[in-house]
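Summary of the model geometry
Read off the chains here:
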Amino acid sequence: MTDNTNIWLNGIMGVVVGDALGCPVQFESRKEVARHPVTDMRGYGTFNLPEGSWTDDSSLTIALLESIRRIGKIDLDDIMENFMNWLYDGDFTPYGQSYDIGRGTMQAIDRYSRIRNAKKCGGDEARNNGNGSLMRILPACIYCSVMETSGIYSDRDAIDVIHSVGGLTHAHIRSNIACGLYFFMVKQILIGEGPLQERMQEGLTQGFAFYESCLADKENLHYYDRLRDLTAFKSLPAEKIKSTGYVVDALEAAVWSLITTDRFDQALLKAVNLGDDTDTVGAIAGGLAGLYYGYDSIPENWLSAIKRREWIEEMCQIKE
């Protein structure tokens, strides 16, 4: 593991690189990807874009990051204003226009543009459990981890924030839980010791314990039961891992890719070669991989291909 001190740079660039790696093969089946596996940063493919192009995963992650950086706290209305600027004006994009837009995210932003109520714009039905909140939640997770380390937040405070930020677009409890479990993994990667799997296991153990104590109805928590024991989960073959746009599948695929590899590049290549929602699984895995392995572990030729790299890296310069 590389000791890089800028946790924002480590994590955010992990998200962007994972997104860009998966972009050219997004929506291709695992069988289709296997015919021409991703082995390096490359371009064109699904969206016919140059190598290093990133999608909505990174755009919305950066939009959230920019709000936190500018204001110094979580402000739901300001975040939604950034999301509107992304959708309608092409802000926070590599080429000045938004693309690869999830239906639930588009509907939530459109709803906010009309009602201007950040707490009421996210879809809260069972069908609103795409991975559109999980893919962009990392800046809120880092922020809340810092607040906990500083003694300002409790786990309850942090999860309330994580649910609120995730719920801007995906407000169903199942999506909330995915973001919450991701937060607990982020926190343990940042403050824990030992190998990556041990830190992720500790985070998940804490996360499950938290939700077991606070949820009256555990039904939606049980969707994540395969993540309770990462040693057993690690032993599953790829055929048992789905990598679709469903939030449970995306979280499982990202975690599995991380615990079955031991380098940043290996983890992200494994994630995107699973096929289907490749950019998002790559982004979700990339955030955790970046936090653990560090910015210096990302291949330089991958970083050099990233569009607007300098602008993104400047955005990651946040004073604690």
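Structure shown above.
Parameters at a glance
- Residues numbered from 1 in each chain as written.
- Predicted model: local features only at pLDDT ≥ 70, side-chain atom pairs only at ≥ 80, totals over all residues.
- Heavy atoms only, no water.
- Disulfide = S-S within 2.5 Å.
- Helix = DSSP H or I, 4+ residues; strand = E, 2+ residues; numbered from the N terminus.
- Buried < 20%, exposed > 50% of the residue type's maximum accessible area, 1.4 Å probe, protein only.
- Salt bridge = Lys/Arg side-chain N within 4 Å of Asp/Glu carboxyl O.

1. A few points about the state of the cysteines
Overall, the coordinates contain zero disulfides when judged by the stated rule. A disulfide-free cysteine, Cys121 has its sulfur positioned 14 Å from the sulfur of Cys179, the nearest such atom. Cys179 forms no disulfide, and the closest cysteine sulfur to it belongs to Cys141, at a distance of 6.9 Å.

2. Description of unusual backbone geometry
Positioned with a positive phi, Phe92 is a non-glycine residue whose angle comes to about 60 degrees. When you line up the elements, Phe92 lands in the loop between α4 (76-89) and α5 (103-115). The backbone of Arg308 sits at a positive phi, close to 60 degrees, despite the residue not being glycine. Relative to the assigned elements, Arg308 resides in the loop between α14 (300-305) and α15 (309-315). The class of Arg308 is partly exposed, set by a relative accessible area of 35%.

3. Side note on the pattern of salt bridges
A full pass over the atoms with the stated rule returns 15 salt bridges. Notably, a salt bridge pairs Arg70 with Glu66, separated by 2.8 Å at the nearest N-O pair. Of this pair, Arg70 and Glu66 both sit in helix α3 (residues 56-71), separated by four residues, roughly a single helical turn. Each of Glu66, Arg70 and Asp78 takes part in a single network of salt bridges with overlapping partners.

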